[in-house]
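# Structural characterization, general
Below, each chain spelled out in residue letters.
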Amino acid sequence: MDFAPIVETFEQMEQTSSRLALTEYLVALLRKTPPDIIDKVTYLIQGKLYPDYEGIELGVAERMVIRAIASSSGKDQLQIEKLYQKTGDLGDAAGEAMKSKSQSTLFSEPMTVERVYSTFDRVARTTGPGSQETKLRLISSLLNDATAAEGRYIIKFVMGQLRLGIADYTVLDALAVAFTGDKANRQVLENAYNVSSDLGTVARLLATKGLDAVKSIKITLFKPIRPMLAERIRTAEEALERMEGKAAVEYKLDGERVQLHKGKQNVELFSRRLEKITSHYPDVAEAIKSIKSEVILEGEVVAINAETGDYLPFQELMHRRRKYGVEEAMENYPVVMNFFDVLYVDGKSKTELTYMERRKLLKKIIDAVKDDNKVRLIEQTIATKPEEIDRFMAAAIEDGCEGVMIKQLSSTYRAGAREYAWVKLKREYRSDLADTLDLVVVGALHGRGRRTGKYGALLLAAYDQKTDMFQSVTKVGTGFTDVHLEQFYNELEKHIINQRHARVQTGMDMDVWFEPNMVIEVIASEITLSPSHAAALNALRPGYGLALRFPKFTGKIRDDKKPEDATATEEIVEMYRRQLKVAGPSYAAEAEGEEGG
Ligand SMILES: Nc1ncnc2c1ncn2[C@@H]1O[C@H](COP(=O)(O)OP(=O)(O)OP(=O)(O)O)[C@@H](O)[C@H]1O
């Protein structure tokens, strides 16, 4: 298949932010694509080569890409750098530079999707000394035969900056329409995606074998399952109401969620974002090898104080990712894995079992490990009264937890779903909002005084699923230590862009803009209507969004979350409504009055 139709589709998609239009363009492209390469095209439109859990990246240095563009366009590197500065995007710079290049069609190989994909694949697989030169050669070989428009997207892809503004949901919609003619079938595709985390494979099965084949996609060892998520609630009473009077209450530990896959020999650990993190926790992987069966388990890995065995906060765990080598980290930051679910045993999915049945099975598996230092079953009790939950909660907090998770006894494991079958009850923070928010850093103001040379404040956004945009909700300038200030400055530098990102919506003016990437946790005192922030714009009052008052950084950088996993604007609307209820009628009347006005 020619690469040109893909380029045309990408160009059309760039011109719109309407989800409907985006879906239509995708449908047209998918219909044109030969079924046997539909997986490759699906990955390409997501800006990747393989599902995320494979962890395969192109790994090309920016200066190499500049050299490749220079040599293929017959310009010198300085000219390319100037264009880069002007456009703020290397892909756009390549497009500009290549406009004037003379097309040598005589000896050129045709530019097909297969060729582009396999060249990218070779780029990704080239490692070791001298690999950057090889990567450079491979990219140049493509650019030499490419038109300016093709070159533009080739470079955007290589730089990981495709930015088509499409979420997984949009691709699922498009697949359903393209191959079954009915958007309603998206649910079947979504289920398959939830248990495989692999859109390419789902797409190819659908295109080559039809919807029934997609239905038969089952949980497989070493393919991560999209995690079941929890809704937030405020009181034990509310939890029990939702659970019909009886529920399991578990410790909510403050660590990192891990999905552990154990085969006959091999063990792999996946993060909440479904990336492989086995190398961070070789000690856990080792401890688990004493389990006889092949299993998929879920748990929370937490740092502990080696002397006392006490749980330590999340920040301690992040040393495993930063600063130290793993050997040293294992020594200085011991961890314990606390399992709370089992999803698969010896070739069979266990997700259809009820919570109670899974817990019993999990207990049997973990009891056999007998390594209390590394592996535990999460603390749990069954409650029928709010007082029982409150008492368990107090014990949990005392033991260093964030709160409790409350789970419906009869519920199956619902991959990828956020529903009330699981709810989270956290302790009240010093702030008045009951929960923290995880927000994406999208801009910054330069610091002054003590913060000169660092950022003074960060602009934060929530994720709006409907529009697939990041909508600003607050500017945060407190809660930073000097170490944080330094860290923000260094890590955010990689994501600086020339102007507000196309997927960022805000009425605020900033000194610096970032590509949405880093997610941080904040607390706040209140949510208010705002004329300058864009979160849930127009949802409560025309022309107004929602904003946080008195936000404060909690100290947590959420490396385990993608920007799309940030707090959703819908959740903020929900929190705002709740706040009106709690604050009582006078406050509510005032705010409602505002809404009407
Ligand atoms: N017993 C438990 N059962 C399920 N999850 C637990 C448990 N203990 C701790 N957790 C953690 O709590 C997380 C859910 O709550 P929380 O809102 O604090 O996390 P989040 O990452 O901000 O949100 P979410 O994962 O729901 O998007 C889980 O993803 C998991 O990492």
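Residues numbered from 1 in each chain as written. Predicted model: local features only at pLDDT ≥ 70, side-chain atom pairs only at ≥ 80, totals over all residues. Heavy atoms only, no water.

## Some remarks on the site of the ligand
Put simply, the test is: We define proximity as follows: a residue is near a molecule or strand when any one of its heavy atoms falls within 4 Å of that partner. Whenever two N or O atoms come within 3.5 Å, that pair is a polar contact, provided that in protein one can donate a hydrogen and the other can accept it, and provided that, for residues adjacent in sequence, both atoms are side-chain atoms. Only the protein chains shown count as cover for residues, with accessible areas throughout obtained via the Shrake-Rupley method and a probe of 1.4 Å. Where helices and strands are cited, they refer to DSSP runs of H or I of at least four residues and of E of at least two residues respectively, numbered from the N terminus. For this classification, Asp, Glu, Lys and Arg are treated as charged, while Ala, Val, Leu, Ile, Met, Phe, Trp, Tyr, Cys and Pro are nonpolar and the rest, including Gly, are polar. An automatic or database domain assignment provides the domain bounds reported here.
As a matter of local geometry, the ligand sits amid 20 residues, with Lys-252, Arg-272, Glu-300, Lys-424 and Arg-558 nearest to it. A distance of 2.6 Å separates an oxygen atom of the ligand from a polar atom in the side chain of Glu-300. The separation between an oxygen atom of the ligand and a polar side-chain atom of Lys-561 is 3.2 Å. In isolation the ligand has 600 Å² of accessible area, and contact with the protein removes 94% of it. Going through the elements one at a time, strand E2 (247-252), strand E10 (403-408) and strand E11 (418-426) are the ones with two or more residues in the shell around the ligand. When residues in the shell around the ligand are grouped by element, the largest group, four residues, is from E11. Class assignment of the residues belonging to the shell around the ligand gives a composition of seven nonpolar, no polar and 13 charged. Shared between two domains, the shell around the ligand takes at least three residues from each, and those domains are domain 2 (229-430) and domain 3 (435-591).

## What to know about the confidence of the model for the protein
To keep things clear, this is the line we draw: As a per-residue quantity, pLDDT reports the predictor's confidence and falls between 0 and 100. When checking whether two residues touch, look at their non-hydrogen atoms; a contact exists if any pair is within 4.5 Å.
Model confidence for the protein is summarised by a mean pLDDT of 90, while 95% of its residues fall at 70 or above. Segment residues 585-597 is flagged for pLDDT under 50; beyond a separation of four residues in sequence, or across chains, it makes 16 contacts in the model. The ipTM value of the predicted complex is 0.95, and its pTM value is 0.77.

## Section: the packing of aromatic side chains
Inclusion rule: Here the aromatic set is Phe, Tyr and Trp, taking the six-membered ring for Trp, and pairing holds for ring centres within 6.5 Å; pairs whose planes are under 30 degrees apart are stacked, those over 60 apart are edge-to-face, and all others are tilted. Here's how the labels work: a residue is buried when its accessible area is under 20% of the maximum for its type, exposed when over 50%, partly exposed in between, all with a 1.4 Å probe on protein chains only. Each ring is checked for a lysine NZ or an arginine CZ that lies within 6 Å of its centre and within 35 degrees of its normal; such an atom marks a charge sitting over the ring.
As enumerated under the stated definition, the model contains 13 aromatic pairs in all. Ring centres 5.0 Å apart and planes at 45° place the aromatic pair Tyr-455 and Tyr-489 in the tilted group. Taken together, the residues Tyr-455 in strand E13 (residues 455-464) and Tyr-489 in helix H20 (residues 482-493) connect sequence positions 34 residues apart. For Tyr-455, a relative accessible area of 5% puts it in the buried group. A relative accessible area of 30% means that Tyr-489 is categorised as partly exposed. One aromatic cluster is present, formed by Phe-340, Tyr-413 and Trp-422 through successive ring pairs. Here the basic side chain of Arg-242 rests over the ring of Tyr-420, its NZ or CZ set 3.6 Å away from the ring centre. Across from the ring centre of Tyr-544, 4.1 Å away, lies the NZ or CZ of Arg-541, which sits over that ring.

## Overview of a negative patch on the surface
The cut-off we apply is this: Patch construction takes residues with relative accessible area above 30% that form no salt bridge. Like charges are linked within 9 Å, and nonpolar side chains (Val, Leu, Ile, Met, Phe, Trp, Tyr) are linked within 5 Å. What counts as a salt bridge is simple: a side-chain nitrogen of Lys or Arg found within 4 Å of a carboxyl oxygen of Asp or Glu. Counted as positive: Lys and Arg. Counted as negative: Asp and Glu, with His and the chain ends omitted from the count. Here the site of a charge means NZ on Lys, CZ on Arg, CG on Asp, or CD on Glu.
Together, Glu-237, Glu-241, Glu-387 and Asp-390 line one region of the surface with negative charge. Secondary-structure elements contributing two or more residues to the negative patch are helix H14 (236-242) and helix H19 (386-398). With respect to the secondary-structure elements, Asp-390 resides in helix H19.

## Here's the deal with the side chain of Arg-272
Assignment of secondary structure puts Arg-272 in the loop between strand E4 (267-270) and helix H15 (282-287). Within polar-contact distance, the side chain of Arg-272 engages the side chain of Asp-565 at 3.3 Å. Excluding anything up to four places from it in sequence, Arg-272 contacts Pro-227, Leu-229, Arg-257, Arg-418, Asp-560, Lys-561 and Asp-565.

## Description of the domain arrangement of the protein
For the protein, the domain assignment lists domain 1 (48-158), domain 2 (229-430) and domain 3 (435-591). Between domain 1 and domain 2, the C-alpha centre-to-centre distance is 43 Å.

## Thoughts on the pairing of strand E3 (residues 256-262)
Which entries qualify depends on this criterion: Only strands joined by at least two bridges in the DSSP assignment are considered to pair.
Counting buried residues in E3 gives seven out of seven residues, a clear majority hidden from the surface. By the alternation rule, side chains of E3 split into Glu-256, Val-258, Leu-260 and Lys-262 and Arg-257, Gln-259 and His-261, which are all buried. Across seven bridges, E3 lies against strand E5 (residues 295-303) in antiparallel orientation. Counterpart to Glu-256 in the pairing with E5 is Val-301. As paired elements, E3 and E4 share four bridges and run antiparallel to each other.

## Considering the side chain of Lys-262
With respect to the element layout, Lys-262 can be found in strand E3. Although Lys-262 is buried, it makes no salt bridge; Glu-294 carries the closest opposite charge, 7.0 Å away. Of note is the side chain of Lys-262, whose polar atom sits 3.0 Å from the backbone oxygen of Ile-291. The contacts of Lys-262, once residues within four sequence positions are left out, are Leu-221, Phe-222, Val-267, Ile-288, Lys-289, Ile-291, Lys-292, Ser-293, Glu-294 and Val-295.

## Structural notes on H20
Formally: In this analysis, the expected span of each helix is defined as 1.5 Å times one less than the number of residues it contains. Directions are taken from the helix axis to each C-beta atom, and the arc is the one they span.
The end-to-end C-alpha distance of H20, which contains 12 residues, comes to 17 Å, matching closely the 16 Å that a straight helix rising 1.5 Å per residue would cover. Among the residues of H20, those classed as buried are His-484, Leu-485, Gln-487, Phe-488 and Leu-492. For H20, the arc enclosing every buried residue in end-on projection is 165°, short of the 170-degree limit, so these residues lie on one face. In H20, the exposed residues that point more than 90 degrees away from the buried face are Val-483 and Glu-493. Those residues of H20 hidden inside the fold are in contact with strand E12 (437-446), E13, strand E15 (496-497), strand E17 (512-514), strand E18 (519-523) and strand E21 (552-557).

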